[in-house]
Amino acid sequence: TFAIYNDIPCPVDEQVKQRLRADGVDENLAHHLAHLFTRDPIVAFNGQIDLNDEETTDHFESIQSTNWQTCRWKPPPPPGPHAQHIGWRTEFR
């Protein structure tokens, strides 16, 4: 990512950012994700709390959708026996 696109100061949860960096997430992505955790509490739906994050992206999409109403960053669907890898997408609403 380019510094020119990250020129607006925004609050970040430094503890989240440091954990992401320690786990190998690059600086810009860690900064973006840490910013999401400074906002309102996460919306959780009944029956959608104890999910395997290696098999579903529901938790990530919940965080994204509550912070970005008109533009969403969509992760690739989890791998499966018949799933085609389509990569990350940007969804505009």
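See the structure shown above.
We now turn to the structure provided with this report. (Residues numbered from 1 in each chain as written. Predicted model: local features only at pLDDT ≥ 70, side-chain atom pairs only at ≥ 80, totals over all residues. Heavy atoms only, no water.)

## Overview of a negative patch on the surface
The line we're drawing: Patches here are clusters of residues that have more than 30% relative accessible area and form no salt bridge, with a 9 Å joining cutoff for like charges and a 5 Å cutoff for nonpolar side chains (Val, Leu, Ile, Met, Phe, Trp, Tyr). Every accessible area reported is derived by Shrake-Rupley at a probe size of 1.4 Å, with residue values counting cover from the shown protein chains alone. Criterion for a salt bridge: a side-chain nitrogen of Lys or Arg within 4 Å of a carboxyl oxygen of Asp or Glu. Note on charges: Lys and Arg go in the positive column, Asp and Glu in the negative column, and His and the chain ends are not counted at all. In this description, the location of a charge corresponds to atom NZ of lysine, CZ of arginine, CG of aspartate or CD of glutamate. Helix numbers and strand numbers start at the N terminus; a helix is a DSSP run of H or I with at least 4 residues, a strand a run of E with at least 2. To sort residues, take the accessible area from a 1.4 Å probe on protein chains only and compare it with the maximum for the residue type: under 20% means buried, over 50% means exposed, and anything in between is partly exposed.
Taken together, the side chains of Asp-53, Glu-54, Glu-55 and Asp-58 define an acidic patch exposed on the protein surface. On the secondary structure map, Glu-55 appears in the loop between helix 2 (27-36) and helix 3 (58-67). Owing to a relative accessible area of 59%, Glu-55 belongs among the exposed residues under this scheme.

## Points about the nonpolar core
Note the cut-off: Joining through side-chain atoms within 4.5 Å is the link that ties buried Ala, Val, Leu, Ile, Met, Phe, Trp, Tyr and Cys residues into a set, and such a set is a nonpolar core. Only heavy atoms enter the contact rule, under which two residues are in contact if any of them lie within 4.5 Å.
Counting six residues, the largest nonpolar core is built from Leu-20, Val-25, Ala-30, Leu-33, Leu-36 and Ile-63. In terms of residue count, the dominant contributor to this core is helix 2 (three residues). Apart from residues lying up to four places away in sequence, Ala-30 is in contact with Lys-17, Leu-20, Arg-21 and Val-25.

## Observations regarding the environment of Thr-90
Note that Thr-90 resides in strand 2 (residues 89-92). In the structure, Thr-90 is positioned 17 residues away from Trp-73 in sequence and 4.8 Å away in space, judged by C-alpha atoms. In this structure Thr-90 touches Cys-71, Arg-72 and Trp-73, once residues within four positions along its chain are discounted.

## Quick look at the environment of His-59
Checked against the element boundaries, His-59 lands in helix 3. The exposure class of His-59 is partly exposed, given its relative accessible area of 26%. Taking the C-alpha atoms as reference points, His-59 and Val-43, 16 residues apart in sequence, are found 9.2 Å from one another. Contacts of His-59, omitting those with residues within four sequence positions, involve Gln-48, Ile-49, Leu-51 and Asp-53.

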